[in-house]
Amino acid sequence: MSQLPFSEKISVEVNVNGEKRSADCEYRTTLGDFLRHGLGLTGTHYGCEHGVCGACTIHVDGEPVRSCLMFAYQANGKEIQTVEGLSSKEELSDLQAAFRKHHALQCGFCTPGFLMTSSKFLDDNPSPTEQQVREAISGNICRCTGYKGIVEAILEVANQRTAKGGRVC
Amino acid sequence: MKSAPFVVHQPKSLRDAVNLSAIHGEDAKIIAGGQTLVPMLAMRIATPAILIDINNVKELTTIVEKEYFIEVGAAVSQARLEDYLVNKNTHPLLATMMPWIAHRPIRNRGTVGGSIAHADPSAELVLALSILQGWVVLASAKKQRKVIAQEFFIGALQTDRQMDEILVKIVFPKLDKNAQYGFVEYGYRHGDFAVVSVALIKNDQEWTFAYGGINDTPQVFKEKLSSHQDALAFVAHLANTVNVREDPTASADLRRHLMQSQSELLIKQIDLVKG
C-alpha cells in the first residue's frame, strides 16, 4: 500500500526530565503517544484520550497540561517533566511515598496524572485546605480507590514540607 | 481515537496566517490551544487536511489594557488571562468567571480565542463577552472587521466568522466604577460544562442578567428595577417565560428552576461585591 501523501515524518526534540531526547513522529502524533512510543517513557498513561480523565497529565514548561490534547510538534524545544522525572531512580519523592503510605492508589492507572497535578499544585499552594486539594485534583478521575487516600497523602506532604520549611524531594 | 493524517502550517505573522487561510479555505482548520479541536480530531468528527497553527503569531499573543476595556489576543491562554486579571487586580467579574473554565491543566493550553470561536452555549467566556457587550476583531487577507458579541454568536457552535477569517482579538469592556457584579454556575462536576450559569451586573437601578447553557447562545436581559424585591420578581418572570432548551443532561424544568434559584442567590449577594 502506498503511503498517504501527508503522513510525512517530522522530527521532534524535547528536553524531558532534564535530558535532550528526539524522535520521529507524524504531525498527528499526540505528545503522550510521542513520549510513550517515541521515547519509551511509558509512565504517562492514556485513559480517555480526550482530556476528561487527567491520567496523561504532564508538565510542559513547568505547567500541567493534558498530553493527549497537545501534539508532539507543539512541544518541540520545550521542557517536559513526566512522572519518571519526579524522583531519582533509587528513592521515591515525598509525594510518591505519601501516596504509598495512604493507599492513594489501587490499580495505579490514574496515579501518574494525580502525581503530576498535585506536585505542581503543592509548589503553588504550600499550605492548602482540604477543599482546595479536592478542587485541585477535580480534573483527575480515579475509578477504583476513591479520593480519600489521595487527599490525605497530598495534605500530609503539605504539612511535612511546611514543618521542614520548604520542599524536600 | 487517533486523528486522521494532516499537515501543519505554522505561520509567524498574522499576514501569513490569513494568506494560508485564504488559500486553503475549508480544507484547513485553525488550531491554537486545541483543547476542543484535538478531541474532535481524535474522534474524527473533524478531519481537516491542513491545520494552521497560530501559536507562533506574535500579534495574537498580547494582552492590552485600556481605560475602558481589555483587548486579548486570540492565542492568549486562558490561564495567562486568569493570572493577569488576578495580578493586576482588574476586571473582577471576568476574574471571577475564569476559574470556572474546565480545569487549570486545560486552561494552561486552552485559549481565549478558541473558546470564543467555538461558541459553546455554556462557555464562560462566551457568556462574559455577551453580558459585557464586548466585541471581536476578525481578519482575512482582504480586510479586518469588528463584530459585536450579540452579532458574532449566531447559534450553538456557530459564529459570524467566515471561512477565510481568523479571530485576532477579543475585547472585554470593563465594568463601571460603581457597578456591582456576580457570577454563579451549576454543573454536575467541578470543571464540567455548565447546565446553567448566570452573570449579573448592577449599575445603580439597571440590572443586567445573562444566562449561559439555557439556549443556543447566551441570553441577556437588561431592566430598570427599583428594588431587590422587583429584581426577584423579574427573574421569576424570566424563568417562567423565556425559551429554554432541553437535552439529556437537564430537562427544561430543571433549567428554569436553576435560572430562578441561582439568580435569587446573586440578587441576595449583590450588595456584598463592588466592581
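Computed from a prediction, not measured in an experiment: that's the story for all the values here.

About the criteria used
Residues numbered from 1 in each chain as written. Chains lettered and ligands numbered in written order. Predicted model: local features only at pLDDT ≥ 70, side-chain atom pairs only at ≥ 80, totals over all residues. Contact = placed C-beta atoms within 7 Å. Helix = DSSP H or I, 4+ residues; strand = E, 2+ residues; numbered from the N terminus. Buried ≥ 20, exposed ≤ 12 C-beta atoms within 10 Å, placed from the backbone. Pairing = 2+ DSSP bridges. Domains from an automatic or database assignment. Expected span 1.5 Å × (residues − 1). Arc of directions from axis to C-beta. Nonpolar A, V, L, I, M, F, W, Y, C, P; charged D, E, K, R; others polar. Axes fitted to C-alpha atoms, helices over the stretch in contact; angles between N-to-C directions.

## Comments concerning the interface of chain A and chain B
How large an interface is tends to be reported as the accessible area lost when its parts come together.
Logical step 1: On the chain B side, the residues contacting the 22 residues of chain A number 22 residues.
Logical step 2: Among the elements that line the side of chain A that touches chain B, the one with the most residues is strand 4 (residues 63-66) of chain A, at 4 residues.

## Comments concerning the pairing of strand 13 (residues 206-212) of chain B
All names here are of chain B.
Logical step 1: Of all 7 residues making up strand 13, 5 are buried, and the element is well covered by its neighbours.
Logical step 2: When strand 12 (residues 196-203) meets strand 13, the two strands line up antiparallel, connected through 7 bridges. Bridge pairing in strand 13 places Lys 202 opposite Trp 207.
Logical step 3: Of the pairings in the sheet, the one linking strand 13 to strand 14 (residues 219-224) comprises 6 bridges and is antiparallel in character. Paired with Phe 209 across the strands is Phe 221, a residue of strand 14.

## Comments concerning the domain arrangement of chain B
Logical step 1: Structurally, chain B comprises domain 1 (7-53), domain 2 (58-173) and domain 3 (180-272).
Logical step 2: Computed over C-alpha atoms, the centres of domain 1 of chain B and domain 3 of chain B are 36 Å apart.

## Some thoughts on helix 10 (residues 252-269) of chain B
Residues and elements named next belong to chain B.
Logical step 1: Taking 1.5 Å of rise per residue, the 18 residues of helix 10 would be expected to cover 26 Å, and the 26 Å separating its terminal C-alpha atoms lies within 8% of that figure.
Logical step 2: Taken as a whole, helix 10 has its buried residues at Arg 255, Leu 258, Met 259, Gln 262, Ser 263, Leu 266 and Ile 267. Across the axial projection of helix 10, the buried residues extend over an arc of 155°, all falling on one side.
Logical step 3: Looking at the buried residues of helix 10, the elements they touch are strand 11 (180-186), strand 12, strand 13 and helix 9 (228-241).

## As for the domain arrangement of chain A
Residue and element names in this part refer to chain A.
Logical step 1: Per the domain assignment, the segments of chain A are domain 1 (10-85) and domain 2 (94-164).
Logical step 2: Domain 1 and domain 2 are separated by 22 Å when their C-alpha centres are compared.
Logical step 3: At the interface, 13 residues of domain 1 touch 11 residues of domain 2.
Logical step 4: The element contributing the most residues to the side of domain 1 that touches domain 2 is strand 3 (residues 57-60), with 3 residues.
Logical step 5: Within the side of domain 1 that touches domain 2, the residues separate by chemical class into 6 nonpolar, 7 polar and no charged.

## A short note on the environment of Asn 89 of chain B
Logical step 1: The topology assignment puts Asn 89 of chain B in the loop between helix 3 (78-88) and helix 4 (92-97).
Logical step 2: In this structure, the C-alpha to C-alpha distance between Asn 89 of chain B and Ala 252 of chain B, residues 163 residues apart in sequence, is 38 Å.

## Describing the sheet that holds strand 5 (residues 79-81) of chain A
All names here are of chain A.
Logical step 1: Strand order in the open sheet formed by 5 strands is 2-1-5-3-4, with mixed pairing between adjacent strands. Every other strand in the sheet has two partners, leaving strand 2 (19-26) and strand 4 as the edge strands with one partner each. The average angle at which neighbouring strand axes cross in this sheet is 45°, direction not considered.
Logical step 2: Across 2 bridges, strand 3 lies against strand 5 in antiparallel orientation. Across the sheet, Val 60 pairs through a bridge with Ile 80, a residue of strand 5.

## A short note on the sheet that holds strand 5 (residues 69-73) of chain B
Backbone-to-backbone hydrogen bonds join strands into a sheet, with any given pair of strands oriented parallel or antiparallel.
Residues and elements named next belong to chain B.
Logical step 1: Overall, antiparallel pairing links the 5 strands, which are arranged 4-5-10-6-7 in an open sheet. Each end of this open sheet is capped by a strand with a single partner; those strands are strand 4 (63-65) and strand 7 (144-148). Averaged over all pairs of adjacent strands, the angle between their axes in this sheet comes to 20°, without regard to strand direction.
Logical step 2: Sheet topology places strand 4 next to strand 5; 3 bridges connect them, and they run antiparallel. Within the sheet, the bridge partner assigned to Glu 65 lies in strand 5 and is Ile 70.

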